[in-house]
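The primary structure of each chain is shown beneath.
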Amino acid sequence: MPPRLVGHQGSLAGQRFPIGTTPLTLGRNGDNSIVIVGGNVSRFHAEVRREGHGFVLYDSGSSNGTRVNGARVTSHELQPGDLIEIGTETFRFEAADAMETILDLSVLRPLSPSSQATLAAGPVLNVTVSGGGPVGLSFALLLEHLMGHRVAIAVYDSRWTQDGAKVVWKDESQGNVRRQQVVTVQSRQYLNLPEEVQARLFRGDAFSEMWPVGPDSIRGCSPRNLRIAYIEDTLLELANEKPDRIRLIPASFDPAEHQKSESKDHVLAICEGGRSRTREYFADRFGNADKSIYSLQGQHIQDVVLGLRVKSTLTDPMTVLLTVAQNRFLLNALRGEGFLNMRLTDAEAAEVVGIDPVRHVFEECIASRPCVMGRDDHGDFQCSTHSTLFLPAMVRGSALWKRVLEGLALFSVAEKDLSAVTAFRLDMVQRPRFTTRLRSATATSPGTYGFLLGDAANAIHFWPGRGLNSGLGSAISLARSLNGAWRGRPFRDADFARHEAAMSMLQYRHKSRAWNTMITTDENGVSQPIKERIAQSIEECEGKDLDKSADIDALMERLRSIRDRLASRLPGMPDDPTLRNHLESLDSSTLRTLWESGPWDTLTVGGEEVDIDIFYQQGSPPTTDPTRTRAAS
């Protein structure tokens, strides 16, 4: 009697389904070997595959799960008599004895104990991730989805703490100020994440579609705005649900200890962000970063941005139009709530300091950490960590604070709806490589490859909104490379040629885009930082009687041009009277500076995008676990 599933209860009771050398698939879709009708059954729900001496049942990440003998499983080595429950159907696994599950007699040759263990479980890829932010967690979840039981992942992050059986994010009282910034995730990235991750991220009103579709919008899906803290919470919640393959460690990763120990890791993925200690520890392996490519006249260009947590009353189309029309302010929000980012001149950046009201000394915590200063009971902006107050908001007549208030007016934010301030220092470097051998294979260790992902690889100016998208792209590429290359033997450099090429493309595309949000070119073809153009405008406006009407007319012409370009992709654009009335409410010097800062360079920001899929198409190594070829619906 060949091994088979036999319908035990339900509409398929009594029917027999032999299990051969190809996978036996179960699900709602008509292409399955066993088609199960029911709303609580996924399109490709589960499958049975021959492995070593027997057969293994795999749940394909279905929403409602698969049970064996009453217990929910993700994978299970079948034994004769096992009862498998999917929806309203129950199947019994039948085989006369264990020998009848062996289809290839060559497996009967004598095996050593270690070979027997390998056949039973298969070679497991050991992966350590340093940094459990959105990129590190997305990488871990995608790798687990692709490789299933073939991978074991450990993720370290000191911003977590243990809460009973779960690992959770520390709160402010524990020294962790959560990031409330809103980020835009492109469909090219989120559609490549596991469907389980997508379903959990895009629940209810957790996201909005503020920006129009563009070259990075695939399959007709729009970019989506989400709060970073929500993304982090959701991904960590999902990772907690997979303790058999993802181990969450609420502690800092120690690269020195890792280097000393006889590590069994095959992979170290460095996802700690732009200031990664682990990357710097292994700097000699990854090579020195080059600043010169992002410099003018030998000076490395750096922007300082004041982040203002606000709530705007404008519609999303109005917000997008006003943002794209100038380079002084950028509002990225979720239903009006988000951060209004203000590009500062060097002189303004020097004013971004806090003051200790007790010791009467200045502190740069807001600019150097950076710390978030929220409103206290007196209405002042206070750093909860250092007890400093934001000085510009306290100084009567502060020129910087007056310009902040003008930025609020531009986006119809009442001063009471400004709830916190912070600052970001933004610069970029060119990295020579993203993949390196950290440790060669020995008789006792498998050899370890290191990879830079996310901001550890490519810290990008957020003005064009590509930082997280670049990070997700890097995570997707590495997960696919590892899944395709893993054969239970030590890796080689050649195994990651596709990934290194993808990373280089991401670096070129996203950083060239970001560079054009930091500099501008005058009518003579001379490049200068946008912040200097803003500084010149402020200086030229000082004490002068400006032609407000002419500046409004000029801005209206620019706004009409942008509106005409976006109208087909973003309905609900404001009409001319609405725009003109809004501009009339602004100060003359603000209008002039907005004009002088220039519009977004959409010709550069738009255009062809980096498509990770081109590196992993047909003919490339397989992009899914050969034991889990179908994704859940």
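Because the structure is predicted, anything quoted here is derived from the model rather than measured.

Draft legend 1. View of the overall build of the protein. Looking only at helices and strands, the protein features 20 helices and 34 strands. Its C-alpha atoms give the protein a radius of gyration of 28 Å, within 12% of the compact-globule value 26 Å for 633 residues. Over its C-alpha atoms, taken along the principal directions, the protein stretches across nearly 95 × 55 × 50 Å. Contacts spanning at least 24 positions in sequence make up 71% of the contacts within the protein whose residues lie at least 6 apart.

Draft legend 2. Quick look at the domain arrangement of the protein. Splitting the protein by domain gives domain 1 (4–94), domain 2 (125–171 + 245–292 + 429–516), domain 3 (300–427) and domain 4 (521–606). Of note, the centres of domain 2 and domain 3, computed from C-alpha atoms alone, are 32 Å apart. Counting residues at the interface gives eight residues for domain 2, matched by 15 residues for domain 3. Buried area between domain 2 and domain 3, summed over both chains or domains, comes out near 1000 Å², and the portion from carbon and sulfur atoms is 64%. Considering only the surface of domain 2 that becomes buried against domain 3, His-461, Phe-462 and Trp-463 emerge as the three largest contributors, covering 63% of it. Linking domain 2 with domain 3 are two residue pairs in polar contact (both at pLDDT 80 or more), by the criterion used here. Grouping the constituent residues of the side of domain 2 that touches domain 3 by class yields five nonpolar, one polar and two charged.

Draft legend 3. Geometry of the sheet that holds strand E2 (residues 16–18). Taken together, the six strands give an open sheet; going across it, the order is E2-E1-E11-E10-E7-E8, and neighbouring strands pair in antiparallel fashion. Only two strands of the sheet have a single neighbouring strand rather than two, namely E2 and strand E8 (71–73). Across this sheet, the average inter-strand angle for adjacent strands is 30°, counted without regard to direction. Alignment of strand E1 (residues 4–9) against strand E11 (residues 89–94), held across five bridges, turns out to be antiparallel.

Draft legend 4. Seen up close, the confidence of the model for the protein. On average, residues of the protein score 87 in pLDDT, and 91% of them reach the 70 mark or higher. Every residue in residues 97–121 scores below 50 in pLDDT, and together they form 29 contacts with partners more than four places removed in sequence or on other chains. With pLDDT under 50 throughout, residues 618–633 is counted as low confidence; its partners more than four residues away or in other chains account for 58 contacts.

Draft legend 5. Summary view of the packing of aromatic side chains. In the structure shown here, the tally under the stated rule is 19 aromatic pairs. Look at Phe-390 and Trp-401: their rings are 6.1 Å apart centre to centre, the planes differ by 65°, and that puts the pair in the edge-to-face class. Linking Phe-390 in strand E29 (residues 389–390) with Trp-401 in helix H13 (residues 399–410), this pair joins segments that are 11 residues apart in sequence. Classification of Trp-401 by relative accessible area gives buried; the value is 8%. Following the ring pairs from residue to residue traces out a cluster consisting of Tyr-449, Phe-451, Trp-486, Phe-491 and Phe-496. Cation over ring: Arg-343 sits above Trp-463, and NZ or CZ is 4.4 Å from the ring centre.

Draft legend 6. Inspection of the pattern of salt bridges at higher detail. If you walk through the whole model with that rule in mind, you get 31 salt bridges. For the salt bridge of Glu-209 with Arg-224, the shortest nitrogen-to-oxygen distance reads 3.0 Å. Separated by 15 residues along the polypeptide, Glu-209 in the loop between helix H4 (195–201) and strand E17 (224–227) and Arg-224 in strand E17 bring together distant segments of the chain. Residue classification places Glu-209 among the partly exposed positions, given a relative accessible area of 40%. Taking the shortest distance from any N to any O, the salt bridge between Arg-245 and Asp-244 comes out at 3.7 Å. The buried category is assigned to Arg-245, whose relative accessible area is 8%. Assessed through its relative accessible area of 49%, Asp-244 is described here as partly exposed. Overlapping salt bridges, with partners in common, bring together Glu-144, Glu-196, Lys-242, Asp-244 and Arg-245 in one network.

Draft legend 7. Spotlight on the side chain of Lys-242. Tracing the chain through its elements places Lys-242 in the loop between helix H5 (228–240) and strand E18 (246–249). Residue classification places Lys-242 among the buried positions, given a relative accessible area of 12%. Setting aside residues up to four positions removed in sequence, Lys-242 forms contacts with Leu-141, Glu-144 and Glu-196.

Draft legend 8. Representation of the packing of helix H9 (residues 316–324) against helix H18 (residues 576–584) within the structure. It is the contact of H9 with H18, at a shortest axis distance of 13 Å, that shows an interaxial angle of 60°. Classified by the interaxial angle, the pair formed by H9 and H18 is oblique. Two packed elements cross with a definite hand, and for H9 against H18 that hand is right-handed. Judged by residue contacts, Met-318, Leu-321 and Leu-322 of H9 engage Thr-578, Leu-579 and His-582 from H18. Its residues assigned to classes, the contact of H9 with H18 comprises four nonpolar, two polar and no charged.

Draft legend 9. Structural context of the packing of H9 against helix H17 (residues 548–566). Taken N-terminus to C-terminus, the directions of H9 and H17 make an angle of 125°; their axes are 10 Å apart at the nearest point. Overall, the two elements H9 and H17 adopt an arrangement that is oblique. Seen along the crossing, H9 lies across H17 with a hand that is right-handed. Residues Val-320, Leu-321, Leu-322 and Val-324 of H9 form the contact with H17, whose participating residues are Leu-559, Ile-562, Arg-563, Arg-565 and Leu-566. Split by residue class, the contact of H9 with H17 holds seven nonpolar, no polar and two charged.

Draft legend 10. Main features of the side chain of His-45. Within the element layout of this structure, His-45 appears in the loop between strand E4 (34–35) and strand E5 (46–51). For His-45, the side chain forms a polar contact with the side chain of Ser-62, separated by 3.2 Å. Of note is the side chain of His-45, whose polar atom sits 2.9 Å from the backbone oxygen of Gly-65. The residues touching His-45, leaving out its near neighbours within four places in the chain, are Leu-26, Gly-27, Asn-40, Tyr-58, Asp-59, Ser-60, Ser-62, Gly-65, Thr-66 and Ile-86.

Draft legend 11. Spotlight on helix H19 (residues 588–597). Every buried residue of H19 is listed here: Thr-590, Leu-591, Thr-593, Leu-594 and Ser-597. Here the buried residues of H19 occupy an arc of 165° about the axis, which is enough to place them on one side. For H19, the secondary structure elements touched by its buried residues are strand E23 (329–334), H13, helix H16 (530–541), H17 and H18. Just past H19, the residue Gly-598 takes up positive phi, approximately 80°.

Draft legend 12. Representation of the pairing of strand E31 (residues 435–439). Buried residues dominate E31, accounting for four of its five residues. Pairing between E31 and strand E32 (residues 448–452): four bridges, direction antiparallel. Paired with Arg-437 across the bridge in E32 is Tyr-449.

Parameters and conventions
Residues numbered from 1 in each chain as written. Predicted model: local features only at pLDDT ≥ 70, side-chain atom pairs only at ≥ 80, totals over all residues. Heavy atoms only, no water. Helix = DSSP H or I, 4+ residues; strand = E, 2+ residues; numbered from the N terminus. Rg over C-alpha atoms; globule rule 2.2 N^0.38 Å. Contact = heavy atoms within 4.5 Å. Domains from an automatic or database assignment. Buried area = accessible area lost by both parts, 1.4 Å probe. Polar contact = N/O pair within 3.5 Å; in protein donor to acceptor, adjacent residues only side chain to side chain. Nonpolar A, V, L, I, M, F, W, Y, C, P; charged D, E, K, R; others polar. Pairing = 2+ DSSP bridges. Axes fitted to C-alpha atoms, helices over the stretch in contact; angles between N-to-C directions. pLDDT = per-residue confidence, 0-100. Phe/Tyr/Trp six-rings, centres within 6.5 Å; stacked < 30°, edge-to-face > 60°. Buried < 20%, exposed > 50% of the residue type's maximum accessible area, 1.4 Å probe, protein only. Lys NZ or Arg CZ within 6 Å of the ring centre and 35° of its normal. Salt bridge = Lys/Arg side-chain N within 4 Å of Asp/Glu carboxyl O. Parallel < 35°, antiparallel > 145°, perpendicular 65-115°, else oblique. Left-handed = near helix turned anticlockwise from the far one by under 90°. Arc of directions from axis to C-beta.

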